Amino acid sequence: MSFVSRITRLPLPMDPARGADVAGLFPDLPAPLRDLVAGAAGSSPFLTGLLRSEADWLPAALDHDNVVARETQGMEDLDAEALGIALRRAKRRVALQAALADLGGVWPLEQVTRALSDLADRAVDLALRVHVAAERRRGKLPATDAEAGGIFALAMGKGGAGELNYSSDIDLIVLFDETAYAEADQMEARAALIRATRKMAATLSDVTAHGYVFRVDLRLRPDAAVTPVCISTAAALAYYEAEGRTWERAAFIKARAAAGNLAAGERFLRELRPFVWRKHLDFAAIQDAHDMRLRIRDHKGLGGRLEVAGHNMKLGQGGIREIEFFTQTRQLIAGGRDPDLRARDTVGGLRALAAKGWVPAEAAEELIDHYRQHRDIEHRIQMVNDAQTHVLPKDPQGLRTVAALAGEADDAAWCGRLKARLARVHDLTERFFAPGEVQVERPVLSDESAAVIQRWQGYPALRSDRAQQIFRRIEAPLLARMARSGHPAEALARFDSFLAGLPAGVQLFSLFEANPQLIELIVDICGTAPALAAYLAQHPAVLDGVLAGSFFAPWPAETRLREELDDVLQRALVRAGGGYERALDAARRWAHEWQFRIGVHHLRGLIDADEVAGQYADLAGACLSALLPVTADDFARRHGAPPGRGAVVLGMGSLGARVLNAGSDLDLIVIYDADGSEGSEGPRPLGARPYYARLTQALVTALSALTAEGRLYEVDMRLRPSGRQGPVATSVQSFESYQLNEAWTWEHLALTRARPVAWLGRDGEALAGQIDGLRLKILQMRGGDSAVMPDLAAMRARLFAAKASGGIWDAKQGPGRLQDIDLVAQSCALRAADPARATLAQLRAGKRAGLLTPQAAETLASAWRALWRLHVAGRLLTNRTLDMDEIGRGGQEFLLHQVQDDSLEALEARLRLQIAEAAAEVENLMPPSGQTD
């Protein structure tokens, strides 16, 4: 479509005579286009000058939208002086076409700002390269193969986002890649590139007879007061890692490699990501941004009553900066966890935040509309005289001029609508930065409680003044919520333990302040589940997950968990500064959030004991299946690919039976098939046996090593053939031979629960199927052994002698309890050669095979269910044997709800009866005492 056919609005000429005079220079233009020219010239002295100077160029140029490429074509061959003149001509023409397209509604806001930003990128690139080339010709720049001498310019602010306004200056950070030069040449290169940078800025900024290109601002660089205009990437990274501030993090949201060696610039931005994008939700950024807004407002004298006349559209109340700060602060909070939120432009950022639920969609669209209207007005303010200003005129005539450029004849109505917009933006954004303190009355405290609170000031989490300041704002709501809990003294004592265990507090306290619903959750946890509270103190970052929209969504399948963790691991491996160790940390952060989610869902009664068991098993399976290939790849870089068919990880015990709880470790066996291969082929090849043994050790380390993010799981491999004396990885041939010829009965019992949970290698999945078939073969061949039940009886005797029951609340140890019933169930699966792995399924198999009477099967199953609910609930409450005094009344109420009893007395009576009945049924199954050896 032609330019004229796209005109949808016209500016009004404040000086009709001047407008008509300028329009007369273009007698052949269509009428709508001449009206556009007349309106622009009649209200803008600056545009009048451009139209007069470019009268011969304009008619043929308007229908070509890519004005930047057209006007800068061939400038690579110019010297510095000619380039300066040519760029000034290009700036005039781009500015003129962008202004007419903007005023006529031909281009949307994004196309206007993109054209201006593209010209800035092109101008900086050309100017940098011409002056770097000059330094090289003078022999001042040491030799290097790096493009553009390794120098690059980062476009910051509106330039980085492609949002330059009509008379913007351009904010640049200019750096050079010091690794492009030999160490001995780096200081000489630095001096030459500093000169090139200064000359680039002068080429663009100096006002000559031909005007200027862009005003260049280099003050956003690290420590600008003392550093030169171009520094090395190493120096910049060191600064940001040691001294970088929140406003600098916010600035880098928009940063973009715009000129010079773009590859080096993009590499620098990747390396800087951990500084900009924190791995945890960063609600402390809210206070930093709010403080910055207030400082700007105070410094510029922008407080007070909102008036349109003289209002600063950028920095004033309800202005552009408030929308940008609102967007960038939300991005800083969550962008570290979600790369989709890292849009450079304001509109894109708001839309991404709305899509992920961080901003209500209607609020985002309203702010986008206000932002576009504000930017339009900003452009018209600047078009009047090409002034780098964002301030509306104070005089009525000046306001009428800006309104006329917007096509508004009624300037009073226009001012009224603008004032309403400014007030609305201020209201929307102020509620986020300063939502207004809800006055919560501090509850009356006992002397004991007051003494507890008094010692908080000495805790590590409250060391800093800032932490104390934030905590003072949440202390009263926190104490008030505890006072309303069923057992406030217990909740306070547990919160005291939680607070004492925190290494730092600013981020967490900011999280509570910004999300009051988390105060409810922490009080619930402290009042009910001390073990979960202790877990939270060790891993406070798991609260990030509560704020994600999926925290209370239905449980995903294990395959979906695996896919999600795969993605987490791959991002950790490939990002700058990543690698295997970072991947292990990322896996821990991810798993801790899911573990915490299971605990919270259990605590809130959203899932029962069986669902808890299955979810913990899904999570462990996902961790194993995702970490095994990552560990194997890291191992293979040193020792080559796995020899033979590959290896399988068998989940044993609770993992195999899918009955994990909050405190479960993982019982594992690794079985491999070298398939005739003698060993690996790699930089440091290994024989098949040591290869798989060391790979297994690497996997155990990946799971159990205590890193900065904690550990994933404790791992127990004592169920492997020959226990601690056997190799940590066993060949499938040795495993079969051992199980058929050497294994003890207890090992065959354990095998009933074995389940392939992860595999690797060229034929790993088929090997997993083979091993599962082998398991059934072993059960069939050994289950009929007459020694099974005598051996079981002897095993029970040894277990009971070695570890007595911990009392009535010990659901696991002792006759008639979980361990005892599990062993009977395993004996049923072994003797029936049944594939069932879970206890209840194995008891049903025993009944089908005639090994258990229906009454015995039901008695044992009923007791197991009751004890399992007690055990799972107890493991959420404490890491030790249940002690009713220790868990307190809150824990007791949770426990009673889980086991569906009204009182501890009723629960105790029922447990004693069920345990006694189960123990009697087990004893009836045992052979006479003379046959136990």
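Now for a quick tour of the structure. (Residues numbered from 1 in each chain as written. Predicted model: local features only at pLDDT ≥ 70, side-chain atom pairs only at ≥ 80, totals over all residues. Heavy atoms only, no water.)

## Thoughts on the overall build of the protein
Okay, step 1: Of regular secondary structure, the protein possesses 39 helices and 10 strands.
Okay, step 2: Oriented by its inertia axes, the alpha-carbon framework of the protein measures out at about 120 × 70 × 55 Å.
Okay, step 3: Taking all 933 residues of the protein together, 57% fall into the buried category.
Okay, step 4: Of all intrachain contacts in the protein linking residues separated by at least 6 positions in sequence, the fraction that spans at least 24 positions is 75%.
Okay, step 5: Carbon and sulfur atoms make up 50% of the accessible area of the protein, which amounts to about 38300 Å² in all. (Helix = DSSP H or I, 4+ residues; strand = E, 2+ residues; numbered from the N terminus. Buried < 20%, exposed > 50% of the residue type's maximum accessible area, 1.4 Å probe, protein only. Contact = heavy atoms within 4.5 Å. Areas by Shrake-Rupley, 256 points an atom, 1.4 Å probe, with all protein chains shown as cover.)

## So, the packing of aromatic side chains
Okay, step 1: Here the structure, examined in full by the defined rule, presents 15 aromatic pairs.
Okay, step 2: A centroid spacing of 6.4 Å and a plane angle of 75 degrees characterise the contact between phenylalanine 46 and tyrosine 166, whose relative ring orientation is edge-to-face. You can see phenylalanine 46 sitting in helix 3 (residues 45-53) and its partner tyrosine 166 sitting in the loop between helix 8 (157-160) and strand 2 (170-176), a full 120 residues away along the chain.
Okay, step 3: Considering the side-chain rings of phenylalanine 495 and phenylalanine 498, the 5.7 Å spacing of their centres and the 40 degrees angle between planes classify their relative orientation as tilted. Placement of the pair is phenylalanine 495 and phenylalanine 498 together in helix 21 (residues 488-501), with a separation of three residues, close to one helical turn. Each member of the pair phenylalanine 495 and phenylalanine 498 is classed as buried.
Okay, step 4: Taken together through their ring pairs, the aromatic side chains of Trp456, Phe471, Phe495, Phe498 and Phe509 make up a single cluster.
Okay, step 5: Positioned above the aromatic ring of phenylalanine 214, the side-chain terminus of lysine 91 is 4.3 Å from the ring centre. (Phe/Tyr/Trp six-rings, centres within 6.5 Å; stacked < 30°, edge-to-face > 60°. Lys NZ or Arg CZ within 6 Å of the ring centre and 35° of its normal.)

## Comments concerning the packing of helix 14 (residues 320-334) against helix 15 (residues 346-355)
Okay, step 1: Viewed as axis vectors pointing N to C, helix 14 and helix 15 meet at an angle of 50 degrees, and their least axial separation amounts to 10 Å. One element, helix 14, and the other, helix 15, form an angle in the oblique class. Remark: the crossing between helix 14 and helix 15 carries left-handed chirality. On helix 15, the residues touching Ile323, Glu324, Phe326, Thr327, Arg330 and Gln331 of helix 14 are Thr346, Gly349, Leu350 and Leu353.
Okay, step 2: When its residues are assigned to classes, the contact of helix 14 with helix 15 shows four nonpolar, four polar and two charged. (Axes fitted to C-alpha atoms, helices over the stretch in contact; angles between N-to-C directions. Parallel < 35°, antiparallel > 145°, perpendicular 65-115°, else oblique. Left-handed = near helix turned anticlockwise from the far one by under 90°. Nonpolar A, V, L, I, M, F, W, Y, C, P; charged D, E, K, R; others polar.)

## Observations regarding the side chain of glutamine 898
Okay, step 1: Locating glutamine 898 in the fold gives a position in helix 38 (residues 884-899).
Okay, step 2: There is a polar contact of 3.0 Å between the side chain of glutamine 898 and the side chain of histidine 602.
Okay, step 3: When near neighbours in sequence (up to four residues on either side) are disregarded, glutamine 898 contacts His602, Arg869 and Ala873. (Polar contact = N/O pair within 3.5 Å; in protein donor to acceptor, adjacent residues only side chain to side chain.)

## Here we look at the side chain of glutamine 739
Okay, step 1: Along the chain, glutamine 739 turns up in helix 31 (residues 732-741).
Okay, step 2: Glutamine 739 gets classed as buried once you look at its relative accessible area, which sits at 4%.
Okay, step 3: Ignoring any residue separated from it by four or fewer positions in sequence, one finds glutamine 739 in contact with Glu747, His748, Leu751, Ile778 and Arg782.

## A closer look at the environment of leucine 749
Okay, step 1: Structurally, leucine 749 can be placed in helix 32 (residues 745-751).
Okay, step 2: For leucine 749, a relative accessible area of 1% puts it in the buried group.
Okay, step 3: Between the alpha carbons of leucine 749 and alanine 829 there is a distance of 8.1 Å; along the sequence they are 80 residues apart.
Okay, step 4: Beyond its immediate chain neighbours, meaning those up to four positions away, leucine 749 contacts Leu792, Met795, Leu823, Gln826, Ser827 and Leu830.

## So, the pairing of strand 5 (residues 256-260)
Okay, step 1: Across the five residues that make up strand 5, a large majority, five, are buried.
Okay, step 2: Judged from the four bridges that link them, strand 1 (residues 151-155) and strand 5 form a sheet pairing that is antiparallel. Considered in strand 5, the bridge of alanine 153 is made with alanine 259. (Pairing = 2+ DSSP bridges.)

## Re the pattern of salt bridges
Okay, step 1: Throughout the structure, instances matching the rule amount to 55 salt bridges.
Okay, step 2: Taking the shortest distance from any N to any O, the salt bridge between aspartate 785 and arginine 782 comes out at 3.2 Å.
Okay, step 3: Residue class for aspartate 785 comes out partly exposed when judged on its relative accessible area of 31%.
Okay, step 4: A cluster of three or more residues bridged by salt bridges with shared partners is formed by Glu54, Arg70, Glu71, Arg92 and Arg93. (Salt bridge = Lys/Arg side-chain N within 4 Å of Asp/Glu carboxyl O.)

## Describing the environment of aspartate 567
Okay, step 1: Turning to its location among the elements, aspartate 567 is positioned in helix 26 (residues 558-574).
Okay, step 2: Residue aspartate 567 is classed as partly exposed on the basis of its relative accessible area, which comes to 41%.
Okay, step 3: Separated by 304 residues in the primary sequence, aspartate 567 and histidine 871 place their C-alpha atoms 34 Å from one another.

## Regarding helix 9 (residues 186-205)
Okay, step 1: The end-to-end C-alpha distance of helix 9, which contains 20 residues, comes to 28 Å, matching closely the 28 Å that a straight helix rising 1.5 Å per residue would cover.
Okay, step 2: For helix 9, the complete set of buried residues consists of Ala189, Ala192, Leu193, Ile194, Ala196, Thr197, Met200, Ala201, Thr203 and Leu204.
Okay, step 3: The elements touched by buried residues of helix 9 are helix 6 (80-103), helix 7 (109-137), strand 1, strand 2, strand 3 (216-217) and strand 4 (230-232). (Expected span 1.5 Å × (residues − 1).)

## Some points on helix 35 (residues 818-832)
Residues spaced three or four apart along an α-helix face the same direction, because each turn holds 3.6 residues.
Okay, step 1: For helix 35, built from 15 residues, the straight-helix expectation of 21 Å at 1.5 Å per residue is met to within 8% by its first-to-last C-alpha distance of 21 Å.
Okay, step 2: Extensive coverage of helix 35 is indicated by the burial of 12 of its 15 residues.
Okay, step 3: Buried within helix 35 we find Leu818, Asp820, Ile821, Asp822, Leu823, Val824, Ala825, Gln826, Ser827, Cys828, Ala829 and Leu830.
Okay, step 4: Those residues of helix 35 hidden inside the fold are in contact with helix 32, helix 33 (764-782), helix 34 (788-802), helix 36 (839-848), helix 37 (854-877) and helix 39 (904-925).
Okay, step 5: Among the residues trailing helix 35, alanine 833 stands out with phi positive, at a value near 50 degrees.

## Section: the nonpolar core
Okay, step 1: Trp456, Phe495, Leu499, Phe509, Leu543, Trp590 and Phe596 are the most contacted members of the largest nonpolar core, which has 148 residues in total.
Okay, step 2: The biggest single contributor to this core is helix 28 (residues 609-639), with 16 residues.
Okay, step 3: Phenylalanine 509 has contacts with Ala461, Leu462, Ala467, Ile470, Phe471, Ile474, Leu499 and Leu502, leaving out every residue within four places of it along the chain.
Okay, step 4: Counting 78 residues, the second largest nonpolar core, distinct from the first, contains Ile7, Leu36, Trp107 and Leu218. (Core = buried A, V, L, I, M, F, W, Y, C linked by side-chain atoms within 4.5 Å.)

## Section: the environment of serine 827
Okay, step 1: With respect to the helices, strands and loops of the structure, serine 827 is situated in helix 35.
Okay, step 2: On the basis of relative accessibility, which here comes to 1%, the residue serine 827 falls in the buried class.
Okay, step 3: Remark: the alpha-carbon pair of serine 827 and lysine 812, spanning 15 residues in sequence, is separated by 18 Å.

## Side note on the pairing of strand 1
Okay, step 1: Where burial is concerned, most of strand 1 is hidden: five out of the five residues are buried.
Okay, step 2: Burial along strand 1 is two-sided: Ile151, Ala153 and Ala155 and Phe152 and Leu154, pointing in opposite directions, are all buried.
Okay, step 3: Bridge count between strand 1 and strand 2: five bridges; the pairing is antiparallel. Bridging from a neighbouring strand, phenylalanine 152 pairs with leucine 175 of strand 2.

## Some words on unusual backbone geometry
Okay, step 1: Here the phi dihedral of arginine 658 falls at roughly 60 degrees; this positive angle occurs in a residue that is not glycine.
Okay, step 2: Within the secondary structure layout, arginine 658 lies in the loop between helix 29 (653-657) and strand 7 (666-673).

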